Amino acid sequence: MGCCGCEEDSTRQWKPLEQRSCTDVLWLVIIILFSIGMVVICGFAIASGAALRLISGYDTYGNICGQKNTKVEGEKWSGLDHTHNKYVFFLDPCDMDTTAFRIKSKALCVAKCPYTDLNTLREIYNFAKENGSKLCDYSVDVEKYTSAGQNLCPKLPVKSSKPIPYFHRCIPDGTGCLEKFIKALTNFISDNSILQRVITGVMTSKEIIVGLCFLSLALSMLLMVVIRYISRVLVWILAILTILCSIGGTAVLWWLYATEKAAKDKSVIENNVAEDNVKALLVYAIVATVVTVILLLLMLIMRKRVALTIALFHVAGKVFVAMPLLVLQPLWTFIALALFWVYWVAVLLLLGTAGYPSKNTDGNVEFRMSGPLQYTWIYHLVGLIWISEFILACQQMTVAGAVVTYYFTRIKSDLPATPILSSICRLIKYHLGTVAKGSFIITLVKIPRLILMYVHNQLKGKENAVAKCMLKACICCLWCLEKCLTYLNRNAYVATAINSTSFCTSARDALLILVENALKVAAINTVGDFVLFLGKVLIVLITGFIGILLLNHQRDYTVWVLPLIIVCLFAFFVSHCFLSTYEMVVDVLFLCFAVDSKNNDGSPGHEYYMDKSLMEFMDNSRKAMRSAGGGGAEMKPMASGAENV
């Protein structure tokens with residue numbers, strides 16, 4: 001037994017799908033205990049009254065609105081009965097601490113929020129008499145409202161609150177409390193005419209932006225269908241369309257730049273919008289030219305490996321036909337992540353109001369945790385990263401298990417009725433510990449990187465050039481390490497799905513296979529990912545090209561720099577969500593193919609599992625090597641039943 005539970009016997013036989021056992025049970029126990037710890041933190045916050053304080057709110061003196069309260073030591077106006085005072089009212093809701101994200105103003109529990117504007121102390125007095133809702137400090141008698149001090153009564157004028165208070169807080173209706181922020185924003189925009197025109201461009205182009213976003217969604221779904229039914233010509237179609245769109249888009253941008261510049265030169269009236277559009281078009285044209293040249297060079301380099309990509313994509317198309325629910329896998333993952341993030345934010349808010357009462361520097365009562373409990377947010381933050389990575393790793397293991405089942409099942413009619421559900425069941429029953437361990441390794445790398453990024457942002461403008469360079473180098477190295485570990489983890493999950501081994505053993509086996517088949521890795525994995533990248537680029541180019549044509553009609557009065565960027569980013573995001581699953585399938589098929597070709601030779605009892613198209617490619621490759629003097633035996637036919645692959 002080696003380190004981390006790795007087996008020292010490197011001659012161990014691969015037996016795909018034949019044996020199944022629990023892996024990394026210790027790490028399953030660890031993540032269960034860690035999750036219990038997160039639940040305990042949530043329970044502590046609720047038990048300490050944080051949930052009630054968050055929902056009902058509390059006043060400056062530590063009284064929770066809407067209930068009877070206990071006395072806070074050293075605070076005269078605590079322990080009041082606020083059964084009928086269910087709403088929190090701020091004397092000056094505009095007094096905000098933007099850095100701490102809280103309202104600094106004194107807060108009171110009142111029976112009703114003001115439903116009309118109150119401009120004088122007399123109106124506040126009348127409101128208290130009519131509704132029994134006292135808007136001045138508890139120490140001020142209602143009869144003395146008209147002569148009360150300025151700090152004891154609300155800042156005038158008191159704006160009417162919204163009909164339905166948010167979490168029992170009296171929030172002024174309209175723009176009341178946001179006037180300062182809006183004024184500051186307005187002053188900034190008035191001093192920045194370019195930003196003003198950019199924002200105007202987004203607002204006037206919102207219908208076009210929404211329409212182009214739906215177009216990118218339709219194009220992504222269409223590309224998934226195309227990948228399945230015309231996989232044998234897909235690579236050439238994508239290559240040709242990408243080249244044409246790149247060259248065409250670049251030519252159109254240069255033409256628009258020349259036209260716009262000529263129109264601006266002829267105009268005798270200075271037009272800031274036209275000048276901004278000319279600059280934007282020049283930048284777009286230069287960037288498009290550089291991208292086009294890079295794409296053409298990459299296409300030239302990769303052209304000889306197209307045949308292998310076609311064979312691999314043909315098998316991937318069959319996988320999606322046999323398991324169409326693979327397309328929906330990112331949707332379930334997104335839902336799981338969204339639910340967890342909602343829970344995490346809710347607990348974070350509870351932690352913000354949990355603890356014991358204490359006075360702050362302003363003399364107001366706040367609830368804070370002391371001792372070790374004040375660091376529970378760190379535990380909670382680690383949970384955010386680890387559990388999120390765990391959910392993403394579960395998706396990878398689910399896809400890997402389903403594709404491995406497909407690949408190593410000789411007769412496809414023997415596949416489970418629902419391979420995805422079968423893969424999920426195997427994951428839950430056997431391999432949650434492996435997923436927990438792999439996701440924790442990513443967390444160990446990601447947390448230091450996030451800390452360094454935070455330190456770098458906090459020291460921006462203060463650190464010297466050497467320290468700045470060292471910080472950036474560390475962040476870059478950790479980022480590269482994270483990406484390498486993510487790729488290795490994904491292949492380790494595939495090895496676990498094949499042979500039901502622990503994470504360390506699977507990672508070692510996957511790494512050995514990757515090293516032994518380095519050239520095949522480059523050929524299959526790189527070209528496959530490159531083709532899918534071309535698909536993403538094609539969707540972005542088509543969406544961006546149509547966006548240029550539509551937004552070009554508004555160039556006289558808006559700047560369409562930001563609208564076009566928004567559309568292109570959304571198009572890439574949507575296409576990435578759809579094609580990332582396909583990319584995962586391609587990577588899993590590659591490792592299965594490498595394991596198959598390493599442990600089988602086509603002889604009786606060692607027949608290949610691989611698809612006929614992959615076998616034909618390998619056979620042709622070996623014939624080419626033999627004719628070139630490289631040797632290599634011709635691949636033997638598969639056993640009976642393999643033709644159904």
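Just so we're clear, the structure is a prediction, and the values are computed from it rather than from any experiment.

Overview of helix α10 (residues 329–353)
No. 1: In a regular helix each residue adds 1.5 Å, so 25 residues correspond to 36 Å; α10 covers 37 Å between its end C-alpha atoms and thus fits that length.
No. 2: Every buried residue of α10 is accounted for by Q329, P330, T333, L337, F340, W344, V347, L350, L351 and T353.

Things to note about the packing of helix α1 (residues 25–47) against helix α11 (residues 376–407)
No. 1: Running from amino to carboxyl end, α1 crosses α11 at an angle of 130 degrees, the nearest separation of the two axes being 10 Å. With respect to α11, the axis of α1 lies oblique. Here α1 runs over α11; the crossing is left-handed. Seen from α1, the contacting residues are W27, I30, I31, L33, F34, S35, G37, M38 and I41; seen from α11, they are T376, Y379, H380, V382, G383, W386, I387 and F390.
No. 2: Here the contact of α1 with α11 is composed, by residue class, of 12 nonpolar, five polar and no charged.

A few points about unusual backbone geometry
No. 1: Of note in this structure, D24 is not a glycine but carries a positive phi near 50 degrees.
No. 2: The class of D24 is buried, set by a relative accessible area of 12%.
No. 3: Not every positive phi belongs to a glycine, and S500 is a case in point at roughly 55 degrees.
No. 4: Along the chain, S500 falls in the loop between α13 (465–499) and α14 (503–516).

Looking at helix α3 (residues 121–131)
No. 1: Here α3 has its buried residues at I124, Y125, F127, A128 and N131. Viewed end-on, α3 has its buried residues packed into an arc of 160 degrees, placing them on one side of the element.
No. 2: Phi for G132, located one or two positions after α3, is positive at around 70 degrees.

Looking at the state of the cysteines
No. 1: This structure, assessed with the given rule, holds three disulfides.
No. 2: Here C65 engages in a disulfide with C109; their sulfurs sit 2.0 Å apart. Judged by the sign of its S-S torsion, about -85 degrees, the bond between C65 and C109 is left-handed. Remark: C109 occurs in strand β4 (residues 107–110) and C65 occurs in the loop between α2 (50–56) and β1 (87–90); sequence separation between them is 44 residues.
No. 3: One disulfide bridge connects C136 with C153, the sulfur atoms lying 1.9 Å from each other. An S-S torsion of about 110 degrees defines the bridge between C136 and C153 as right-handed. Taken together, the residues C136 in the loop between α3 and α4 (179–190) and C153 in the loop between α3 and α4 connect sequence positions 17 residues apart. Of the two residues, C136 and C153, neither departs from the other in class, the shared state being buried.
No. 4: The thiol of C477 is not disulfide-bonded; the next cysteine sulfur, from C476, is found 5.8 Å away.
No. 5: Residue classification places C477 among the exposed positions, given a relative accessible area of 54%.

Section: the packing of aromatic side chains
For any pair of aromatic rings, the description consists of the separation of the ring centres together with the inter-plane angle of the planes.
No. 1: Using the criterion set out here, one finds 11 aromatic pairs in the structure.
No. 2: Between F340 and Y343 the ring centres are 6.4 Å apart and the planes differ by 35 degrees, which places this aromatic pair in the tilted class. Pair noted here: F340 and Y343 are both in helix α10, with a separation of three residues, about one helical turn.
No. 3: Relative accessible area serves as the criterion here: at 29%, Y343 is assigned to the partly exposed category.
No. 4: Residues Y493 and F503 carry aromatic rings whose centres are separated by 6.4 Å and whose planes lie at 55 degrees to one another, so their mutual orientation is tilted.

Details of the pattern of salt bridges
No. 1: Counted according to the given criterion, the structure contains nine salt bridges.
No. 2: Close ionic contact of K446 with E482 constitutes a salt bridge, the shortest N to O distance being 3.4 Å. Here the residue K446 occupies a position in helix α12 (residues 419–458), and E482 occupies one in helix α13, the gap between them amounting to 36 residues.
No. 3: Several salt bridges share partner residues, and in doing so they unite E389, K446, R449 and E482 into one network.

Structural notes on the pairing of β4
Remark: a regular strand shows side chains that alternate across the two faces of the sheet.
No. 1: Judged by which residues are buried, β4 turns out to be covered on both faces: A107 and C109 on one side and L108 and V110 on the other are all buried.
No. 2: In this sheet, β4 lies alongside β1 in antiparallel orientation, the contact comprising four bridges. Across the sheet, the residue bridging to F90 is A107, located in β4.

Brief notes about the packing of α10 against α11
No. 1: As a packed pair, α10 and α11 sit with axes 10 Å apart at the nearest point and diverge in direction by 170 degrees. Comparing the axis directions of α10 and α11 gives the class roughly antiparallel.
No. 2: The class makeup of the residues in the contact of α10 with α11 is 16 nonpolar, eight polar and no charged.

What to know about the environment of H314
No. 1: Here H314 shows up in helix α9 (residues 306–322).
No. 2: Looking at H314, the relative accessible area reads 16%, which means it is buried.
No. 3: Measuring from C-alpha to C-alpha, the distance between H314 and I227 comes to 8.5 Å, with 87 residues separating the pair along the chain.

Some remarks on the confidence of the model for the protein
No. 1: Summing up the model confidence of the protein, the mean pLDDT is 75 and the portion of residues at 70 or higher is 72%.
No. 2: Note that pLDDT drops below 50 for residues 181–196; the model gives that stretch six contacts with residues more than four away or on any other chain.
No. 3: Between residues 629–645, whose pLDDT stays under 50, and residues either more than four places distant or in other chains, the model counts 41 contacts.

So, the nonpolar core
General note: in soluble globular proteins, nonpolar side chains tend to be found buried as a group.
No. 1: Core analysis: the largest hydrophobic core is formed by 73 residues, its most contacted members being L326, Y582 and V585.
No. 2: Here this core gets 15 residues from one element, more than from any other, and that element is α11.
No. 3: Not counting residues up to four positions away in its chain, the partners in contact with Y582 are M224, I227, F313, A316, G317, F320 and L532.
No. 4: By size, the runner-up hydrophobic cluster in this structure holds 26 residues, among which are Y61, C109, I124 and Y138.

A few points about the environment of L52
No. 1: Positionally, L52 belongs in helix α2.
No. 2: Its relative accessible area of 37% is what places L52 among the partly exposed residues.
No. 3: Residues L52 and Q67 lie 15 residues apart in sequence; the distance between their C-alpha atoms is 10.0 Å.
No. 4: Setting aside residues up to four positions removed in sequence, L52 forms contacts with G57, I64 and Q67.

Definitions and limits used
- Position labels on residues start from 1 in each chain and follow its written sequence.
- Residues qualify for local features only when their pLDDT is at least 70, as the model is predicted, and side-chain atom pairs are given and counted only at 80 or more; totals for whole chains, interfaces and linings, by contrast, use all residues.
- Computation of side-chain values: all heavy atoms of the structure, hydrogens and water removed.
- To qualify as a helix, a DSSP run of H or I must reach at least 4 residues; to qualify as a strand, a run of E must reach at least 2; elements of each kind are numbered from the N terminus.
- The span one expects for a helix is its residue count, reduced by one, times 1.5 Å.
- Partly exposed describes any residue whose relative accessible area lies between the buried limit of under 20% and the exposed limit of over 50%, with all areas from a 1.4 Å probe on protein chains only and scaled to the type maximum.
- What counts as an axis is a line fitted to C-alpha atoms, over the stretch in contact for a helix, and the angles between N-to-C directions run from 0 to 180 degrees.
- Angles below 35 degrees are treated as roughly parallel, those above 145 as roughly antiparallel, those between 65 and 115 as roughly perpendicular, and all remaining angles as oblique.
- Take the far helix as the reference: if the near one is turned anticlockwise from it by less than a right angle, the crossing is left-handed, and if turned clockwise, right-handed.
- Working rule for contacts: check all heavy atoms of both residues, and any pair within 4.5 Å makes them a contact.
- Basically, the charged four are Asp, Glu, Lys and Arg, the nonpolar ten are Ala, Val, Leu, Ile, Met, Phe, Trp, Tyr, Cys and Pro, and anything else, Gly included, counts as polar.
- The reported arc concerns the directions from the helix axis to the C-beta atoms and nothing else.
- Criterion for a disulfide: a pair of cysteine sulfur atoms within 2.5 Å.
- Centres within 6.5 Å make a pair out of two Phe, Tyr or Trp rings, where for Trp the six-membered ring is used; the pair is then stacked when the planes are under 30 degrees apart, edge-to-face when over 60, and tilted otherwise.
- Salt bridge, as used here, is a side-chain nitrogen of Lys or Arg placed within 4 Å of a carboxyl oxygen of Asp or Glu.
- We treat two strands as partners when DSSP finds at least two bridges between them.
- Scored from 0 to 100, pLDDT records how confident the predictor is in each individual residue.
- By nonpolar core we mean a set of buried residues, namely Ala, Val, Leu, Ile, Met, Phe, Trp, Tyr and Cys, connected to one another through side-chain atoms within 4.5 Å.

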